[in-house]
Amino acid sequence: MTLHLILSRHAKSDWEDPLAQDHDRVLNPRGVKSADAIGHWLCENGYSPTEVLCSSARRTAQTYEGMLPHFDTPPTLALLPQLYLAGAHIMLHCLQSASSASVMMIGHNPGIAEFAELLLRTPPRDSDFMRYPTGATAIMRFDKTSWRDVGFGDGSLLDFTVPRRLMP
């Protein structure tokens, strides 16, 4: 059995409200368009999650909501407080609890950039991958039968993009 991970950083968020708590920040208009563009790209390339593990922050949930119309079947969604600003080890622990063969995780930097790099046997030579900007999305494959068995260095990269490569 092969496992697939869609690893996305939330889309661009709004910093206009100085009173908003970080956890409650929403997407800005560019972020809304980016989430839609990433969702479209996923659909066009046949990348469809059946389970989503998403940080409980508002901007990650809105990123998922922007992608959702492009999925043929709505995946099972888990909003996880432990993914909010999580580091790589916490993200791995959350991933290891997944039960579907095709999982999407939506999180934050700097943890998601480190997580993406650590999961792969050979990270790509792509400056966008190394910094994992807002909306960055990687598709990874693991030759494992259970997420419990996945560890750092087990994955291979199938695809990667960022919103600015998809939008005019």
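Just above, that's the structure.
Everything in this summary refers to the structure shown in the same document. (Residues numbered from 1 in each chain as written. Predicted model: local features only at pLDDT ≥ 70, side-chain atom pairs only at ≥ 80, totals over all residues. Heavy atoms only, no water.)

**Looking at the sheet that holds strand 4 (residues 102-107)**
And then number 1: If you trace the 6 strands from one edge of the open sheet to the other, you get 3-2-4-1-5-6, paired in mixed fashion. Across the chains shown, the open sheet's two edge strands, defined by having one partner strand only, are strand 3 (76-80) and strand 6 (155-161). Averaged over all adjacent pairs, the angle separating strand axes in this sheet is 20 degrees, with direction ignored.
And then number 2: Note that strand 2 (residues 51-55) and strand 4 share 4 bridges and pair parallel. Paired with Leu 53 across the two strands is Met 105, which belongs to strand 4.
And then number 3: Packed on one face of the sheet, helix 3 (residues 88-95) meets strand 1 (3-9), strand 2, strand 3 and strand 4 and runs near 150 degrees to strand 4. (Pairing = 2+ DSSP bridges. Helix = DSSP H or I, 4+ residues; strand = E, 2+ residues; numbered from the N terminus. Axes fitted to C-alpha atoms, helices over the stretch in contact; angles between N-to-C directions. Contact = heavy atoms within 4.5 Å.)

**Overview of unusual backbone geometry**
And then number 1: In this structure, the amide linkage connecting Asn 109 to the following residue, Pro 110, adopts the cis form with an omega of 10 degrees.
And then number 2: Mapped onto the elements, Pro 110 comes out in the loop between strand 4 and helix 4 (111-119).
And then number 3: Of note, the phi angle at Leu 85 is positive, near 55 degrees, even though the residue is not glycine.
And then number 4: Topologically, Leu 85 is positioned in the loop between strand 3 and helix 3.
And then number 5: Residues other than glycine seldom take positive phi values, yet Tyr 132 does so here, at roughly 45 degrees.
And then number 6: Residue position: Tyr 132 is located in the loop between helix 5 (127-131) and strand 5 (137-142).
And then number 7: On the basis of relative accessibility, which here comes to 0%, the residue Tyr 132 falls in the buried class. (Buried < 20%, exposed > 50% of the residue type's maximum accessible area, 1.4 Å probe, protein only.)

**Observations concerning the layout of surface pockets**
And then number 1: Size it by volume and the largest pocket reaches roughly 150 Å³.
And then number 2: For the largest pocket, the full set of lining residues is Ala 11, Lys 12, Arg 30, Ser 34, Arg 131, Pro 133, Thr 134, Gly 135, Val 162, Pro 163, Arg 164 and Met 167.
And then number 3: Grouping the amino acids of the lining of the largest pocket by side-chain chemistry returns 5 nonpolar, 3 polar and 4 charged. (1 Å grid on protein atoms, 1.4 Å probe; cavity = no way out; pocket = protein on both sides within 12 Å on 5 of 7 lines; lining within 4 Å. Points joined across faces, edges and corners; volume = space filled by probe spheres on them. Nonpolar A, V, L, I, M, F, W, Y, C, P; charged D, E, K, R; others polar.)

**Focus on the pairing of strand 4**
And then number 1: The buried fraction of strand 4 amounts to 6 of the 6 residues, a majority that puts the element mostly inside the structure.
And then number 2: Residues of strand 4 alternate between two faces, with Ser 102, Met 104 and Ile 106 on one and Val 103, Met 105 and Gly 107 on the opposite face, all of them buried.
And then number 3: Where strand 1 lies against strand 4, 6 bridges are found, and the strand directions are parallel. What sits directly across from Leu 7, in strand 4, is Met 105.

**Topic: the pattern of salt bridges**
And then number 1: Applying the stated criterion across every chain, the model contains 9 salt bridges.
And then number 2: Across the pair Asp 22 and Arg 59 runs a salt bridge, and its minimum N-O distance is 3.1 Å. On the criterion of sequence distance, the pair formed by Asp 22 in the loop between strand 1 and helix 1 (29-44) and Arg 59 in helix 2 (residues 58-67) is long-range, its members being 37 residues apart.
And then number 3: For Asp 22, a relative accessible area of 27% corresponds to the partly exposed category.
And then number 4: On the basis of relative accessibility, which here comes to 2%, the residue Arg 59 falls in the buried class. (Salt bridge = Lys/Arg side-chain N within 4 Å of Asp/Glu carboxyl O.)

**A few points about the environment of Leu 77**
And then number 1: By secondary structure assignment, the location of Leu 77 is in strand 3.
And then number 2: A C-alpha to C-alpha distance of 21 Å links Leu 77 and His 89, two positions 12 residues apart in sequence.
And then number 3: For Leu 77, the residues in contact, after removing those within four places along its chain, are Val 52, Cys 54 and Tyr 64.

**A word on the pairing of strand 2**
And then number 1: Burial of strand 2 is extensive: 5 of the 5 residues sit out of reach of the surface.
And then number 2: Two elements, strand 2 and strand 3, share 5 bridges in a ladder whose sense is parallel. Counterpart to Ser 55 in the pairing with strand 3 is Leu 80.
And then number 3: Following the chain from strand 2 across helix 2 to the adjacent parallel strand 3, one finds a crossover that is right-handed. (Right-handed = clockwise from strand over helix to strand, strands pointing away.)

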